[in-house]
Every structure is written in C-alpha cells, then in structure tokens.
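Descriptive structure summary
So the chains spell out like this:
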Amino acid sequence: MTAYTGRLAGPPRARGVGSRIAVSFGYALGLPMLLLVVWGLVATRGTSRFFPGPLTISEAFVDTWVGPAFVADVLPSLYRLGLGITASIVLGIAAGTVIGLVQWLRELLEPLLEFFRAIPPPVLIPVVMLLLGITDTMKVVVIVSGAVWPILLNTIEGVRATDSVMTETADSFRVTWWERLWFLVLPAASPRIMAGVRQALSVALILMVISEMFASSSGLGYRIAYFQRNYLIAEMWSGILLLGLVGVFLAVVFGLVERRVLRWYHGIREVNRA
Amino acid sequence: MRVLTPRRLRAVRKAVLGVVGLAGFLAVWQLIPTLGLINSQYLPYVTDVLARLFEESVDLAFWRRLGTTMTSWAIGLTVATVAAVVLGTVVGLVPVLRRATHTIVEFLRPIPSVALIPLAVLMFGIQRQAALVIIVYASFWQVFVQVIYGVADVDAVARDTARSFGLTRREQLSHLVLPTALPYLMTGLRLAAAVALILAITAEMVIGNPGLGRMIELSRSAGDAVGLYALVVVTGLLGLAVNLVFRFVERRVLSWHQSVRGEEAR
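Criteria and cut-off values
- Residues numbered from 1 in each chain as written.
- Chains lettered and ligands numbered in written order.
- Predicted model: local features only at pLDDT ≥ 70, side-chain atom pairs only at ≥ 80, totals over all residues.
- Heavy atoms only, no water.
- Helix = DSSP H or I, 4+ residues; strand = E, 2+ residues; numbered from the N terminus.
- Domains from an automatic or database assignment.
- Contact = heavy atoms within 4.5 Å.
- Buried area = accessible area lost by both parts, 1.4 Å probe.
- Salt bridge = Lys/Arg side-chain N within 4 Å of Asp/Glu carboxyl O.
- pLDDT = per-residue confidence, 0-100.
- Buried < 20%, exposed > 50% of the residue type's maximum accessible area, 1.4 Å probe, protein only.

**Digging into unusual backbone geometry**
A positive phi angle, near 55°, is found at Tyr231 of chain A, a position not held by glycine. Within the secondary structure, Tyr231 of chain A is located in the loop between helix H10 (220-229) and helix H11 (233-261).

Shown next, in the form of structure tokens:
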C-alpha cells in the first residue's frame with residue numbers, strides 16, 4: 001500500500017559518483033584518522049609506558065605477527081574459532097527451530113536451557129578441561145558451549161514470535177509443514193536468528209581468547225598474556241590490535257552474509273522508510 | 001472463572017513439564033558416573049555436588065565472595081548502561097554522527113573485551129578496577145548498538161504521522177522514539193547484564209581479584225572437582241537470577257509488544 005508512494009516521493013540525487021565516494025570515504029576514515037593523530041601526539045608527549053603511540057604499535061605488529069608466528073599462533077586460533085562458530089550455528093538453528101515449534105518440548109526444556117544459557121561460558125573452561133583434557137577439541141567444545149545459546153534462544157524466540165496473522169493465513173491455506181518451515185517460520189525468525197549469530201560471534205571470540213589464556217601454549221590469547229607478563233607493552237598492544245582485526249573481519253563477513261540472508265527484510269524496511 | 005481455567009491449566013502443565021525436564025537432567029547426571037560412563041573424578045555425582053552446595057550456602061565466606069562479584073557486576077553494568085544510552089541516543093538520532101562514528105564503532109565493538117585483560121592488569125594490578133575496565137567495555141557495546149538500532153528503527157508511517165500532527169521534538173522523543181527503541185534497549189540491557197556477569201567472573205578467574213571466579217580457579221588447580229561443579233552451578237543460578245529479573249522487567253515494560261502479546265493470545 002505505502003510501498004510505491006515512497007519511491008516516488010524523493011527527487012533523484014544530482015551529485016556525481018566521484019564526489020559521493022569521496023564523501024563516504026571522508027565519513028568512514030575522518031574520525032579514526034583524527035583519533036589516531038591525537039593518540040600519536042599524546043603518546044609522544046606523555047610519559048605513560050602503557051600507552052605507546054600508533055607507530056610503535058604498528059612496528060611491533062609487523063615484527064610480531066608477520067612471519068612464522070602467523071602460522072604457529074594465529075591460524076590454529078582461527079581454525080578453532082571457525083569450527084566452533086560453524087558448529088554453534090548449525091546446532092543452534094536446528095535445535096532452536098524444533099524447540100520453538102513444539103510447545104511441549106519448549107516447556108520441558110525451558111528451565112534447563114535457561115540455566116545453561118545463564119552459566120557464564122568461561123566457567124565451563126575448567127569443567128571441559130577436566131572432562132577432555134587440554135586439547136584442541138576442548139577449546140572447540142568450550143566455544144560451542146558458550147556460543148550456541150544466543151543462537152538457540154533467539155531461534156526459539158524468533159520461531160515463537162512469528163506474526164499471528166501470517167500463521168493463521170498459512171493455516172487457512174493449508175500450507176504443508178515443510179513449506180511453512182521454509183517460507184514462513186525460518187524467514188520470519190531470520191532477523192532474530194541473525195541477531196543471535198551476531199551475539200554468538202563475540203562470545204566465541206571471547207572464549208577463544210580465554211581458553212588460550214587459560215590452557216594453552218599457543219594461540220593469540222596465550223601470546224597476548226605472555227607479552228603482558230614479560231612487559232612487552234607494544235607487542236601486547238599489537239596482539240590486542242590483531243584480535244580487533246579478527247573481530248572486524250568476523251563482523252564484515254557477518255555483515256555480508258546478513259545482507260544476503262535478510263535482503264528481503266532490509267528491502268521492506270527501506271521501502272517503508274523512503 | 002471459566003475464562004481463567006485453561007490459562008491456569010496451561011501454567012500448571014508448563015510448571016510440571018519444566019520440573020520433569022529438570023529432574024530428568026539431574027537423573028541423567030547422576031546415572032553417568034554411577035554407570036561408569038565417565039569417572040566420578042571428572043564428573044562427580046549430583047548428590048555430592050548438591051551437598052557441597054548446601055555446605056557453601058551456610059558459609060559466610062562464600063556469601064562475601066558472591067557479594068564481591070556482584071558489586072563489580074553492578075558498578076560495571078550501571079556505568080556502561082548510562083554511558084551507552086546517552087551516547088547511543090545522540091549518535092542514533094544524528095545521521096552525521098552516525099556516519100562519522102560508524103568505522104570507529106565497527107572496529108572497537110568486535111574487539112573481545114578479554115583481550116584488554118592484560119592492559120587492565122598493567123594499569124590497575126589485581127584489583128577491582130581492572131575487572132571493571134573489562135566489564136564496562138563489554139557491556140557498553142551491547143546497549144550502545146541496540147540503542148542506535150532502536151532509535152533509527154522508527155516506523156516511517158508513524159514518523160510521518162507524528163510530523164503531520166505537529167508533535168514537538170520532545171513529544172516525538174517520548175511518544176515515537178522511546179517506544180520504538182524500548183524493545184531494543186531492554187534486549188540490550190538484558191544482554192549487557194549477562195555479559196557483565198560473565199566478565200565479572202571471567203576477570204576474577206584470569207586476573208585473580210577476589211570473588212567467585214577466583215574460587216573456581218582455585219578449586220580447579222586444587223583438583224577439587226566437587227567444589228568446581230558446585231561453583232559452576234552457583235554461577236549458573238546467579239546468571240539465571242540476573243536473567244529472570246531482567247526478563248521480568250522486560251515483560252512488564254513491553255507488555256504491549258507483539259513478542260510478549262503473541263504468546264499470551266495463543
């Protein structure tokens with residue numbers, strides 16, 4: 001109904017492509033650059049040993065991470081992280097859909113799920129260590145045991161909160177179970193599911209770092225803790241920077257996937273908004 | 001009365017099913033070491049863990065540790081929420097700011113707060129402040145991002161309607177932006193409360209400032225499996241309590257929203 005009025009309302013922008021790119025570039029990099037410059041100035045003037053300037057950190061970054069350390073510390077971490085995230089997503093969506101659709105199952109499991117979700121995941125590290133020993137599997141299990149809950153519970157919520165009018169429409173059109181799952185329930189739940197995945201990514205990253213700080217002799221978390229204990233401040237900062245980059249990388253990948261999965265959703269929003 | 005009966009029946013059913021689920025889980029836990037599937041050294045009997053739980057609950061030192069952890073949690077969460085709501089509303093409502101801060105937010109937010117543990121230790125040593133740095137950093141982003149999303153999510157028709165009715169800026173804020181952003185804010189708050197608890201305990205485990213987390217690490221290094229499991233259950237209950245309180249508040253505040261209403265209507 002309102003779909004077409006929006007598109008007609010706004011006059012076309014008359015600006016050139018080049019200047020538009022320049023403007024969005026300025027927006028994207030202006031403030032970060034400014035902050036970096038300020039940081040650099042403060043670092044050269046200040047005397048705090050714990051806050052080296054951006055240049056020192058970037059030097060340390062290259063020295064520390066480019067080379068064999070990348071293969072020895074970074075890749076194993078990323079591998080465990082990827083494995084844990086994938087397992088969490090598959091497990092969370094599958095179980096969440098079933099639990100969200102079957103009311104008695106939901107009621108049966110609700111208190112338990114609430115409890116397990118409520119356990120702070122890093123607390124499980126000692127437990128999983130006890131059960132599995134200090135292995136790679138243990139780290140992946142730790143990641144899954146923390147990251148699966150946001151996805152699982154958001155899927156349940158999303159499936160449950162399917163628009164009642166649409167559910168009734170599907171009922172009266174006698175849509176089959178699979179069709180309903182594929183065309184109504186999952187798409188309706190997908191914004192919530194993606195929100196859950198976004199939460200899970202950060203939890204997974206936290207658990208990767210913690211499990212390595214706790215029980216490992218390799219990996220990013222171990223390295224950063226090592227640098228701190230040995231007062232290698234710039235190297236420590238470079239590790240934090242690298243973890244930030246990993247986080248940003250995850251967020252970018254997630255953003256791309258989300259845009260693809262929720263294209264229809266953003267489309268509706270945009271049309272409504274225009 | 002007749003209207004209430006099916007609803008009450010459903011509530012009873014729900015409670016019974018929940019108890020059955022919980023009992024089933026405890027029974028399975030008890031059976032695994034009993035049948036020897038996992039050595040009871042690694043997975044102790046439920047009965048032992050529950051007994052230890054009771055012992056702890058009459059120990060004043062235990063409650064003091066719990067209090068220490070929860071104090072860090074409360075301070076961190078409050079600071080983070082206030083900062084996030086103020087900054088999030090401002091940034092979310094001003095498109096220029098939103099665009100300018102986008103890169104910074106997208107870079108800072110994914111940095112796992114635990115990566116800052118070494119820095120916090122360097123700055124503050126084994127003290128509560130070190131834990132607070134991490135708690136605030138982690139829970140800030142949860143609320144901040146939700147507030148930005150929420151504030152920007154105002155329905156186009158509602159906004160146009162408000163404009164044509166001539167609502168002032170302040171009225172728009174309280175009648176349009178607030179109701180739209182409220183579900184997001186409550187979600188963010190609930191997530192932040194959980195995250196703050198996670199990091200309060202994590203910080204104690206890794207940094208070693210006093211509290212429940214340090215007790216967990218101590219019982220791990222002492223090989224006290226029963227104590228370890230008991231403390232894990234305690235943290236779970238703690239997290240559960242935090243979740244329930246925030247969920248309750250959320251339901252009360254959002255009683256008009258589809259996600260809450262839909263369940264009750266069915």
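**A few points about the domain arrangement of chain A**
Under the domain assignment used here, chain A contains domain 1 (14-47) and domain 2 (58-273). Taking only C-alpha atoms into account, the centre of domain 1 of chain A sits 31 Å from that of domain 2 of chain A.

**Structural notes on the interface of chain A and chain B**
Tallying the contact residues gives 65 residues for chain A and 69 residues for chain B. Between chain A and chain B, the buried area comes to about 6,000 Å², and carbon and sulfur atoms account for 69% of it. When the area that chain A buries against chain B is broken down by residue, the three leading residues are Tyr27, Glu107 and Leu130 of chain A, summing to 11%. Linking chain A to chain B there are three salt bridges. A salt bridge links Glu114 of chain A to Arg247 of chain B; the nearest nitrogen and oxygen atoms lie 3.1 Å apart.

**Digging into the confidence of the model for chain B**
Averaged over chain B, the pLDDT score is 86; the fraction of residues at 70 or greater is 95%. Across chain B, the element-wise mean pLDDT spans from 60 in helix H11 (residues 258-265) of chain B up to 92 in helix H3 (residues 60-93) of chain B.

**Considerations on the pattern of salt bridges**
For the coordinates displayed, the defined rule picks out 13 salt bridges over all chains. Between Glu110 of chain A and Lys14 of chain B there is a salt bridge; the shortest N-O distance is 3.7 Å. Taken as a pair, Glu110 of chain A in helix H5 (residues 103-118) and Lys14 of chain B in helix H1 (residues 4-34) lie in two separate chains rather than in one. Ionic pairing is found between Arg117 of chain A and Glu114 of chain A, a salt bridge with its closest N-O pair at 3.5 Å. A residue pair is termed a helical-turn pair when its members lie 3 or 4 positions apart in one helix, as Arg117 of chain A and Glu114 of chain A do in helix H5 at three residues. Relative accessible area serves as the criterion here: at 19%, Arg117 of chain A is assigned to the buried category. One salt-bridge network, in which partners are shared between bridges, spans Arg80, Asp136 and Glu212 of chain A.

**A look at the side chain of Thr235 of chain B**
Counting through the fold element by element, Thr235 of chain B comes out in helix H10 (residues 225-253). Setting aside residues up to four positions removed in sequence, Thr235 of chain B forms contacts with Ala118, Ile119, Pro120 and Val123 of chain A together with Leu197, Ile201 and Ile216 of chain B.

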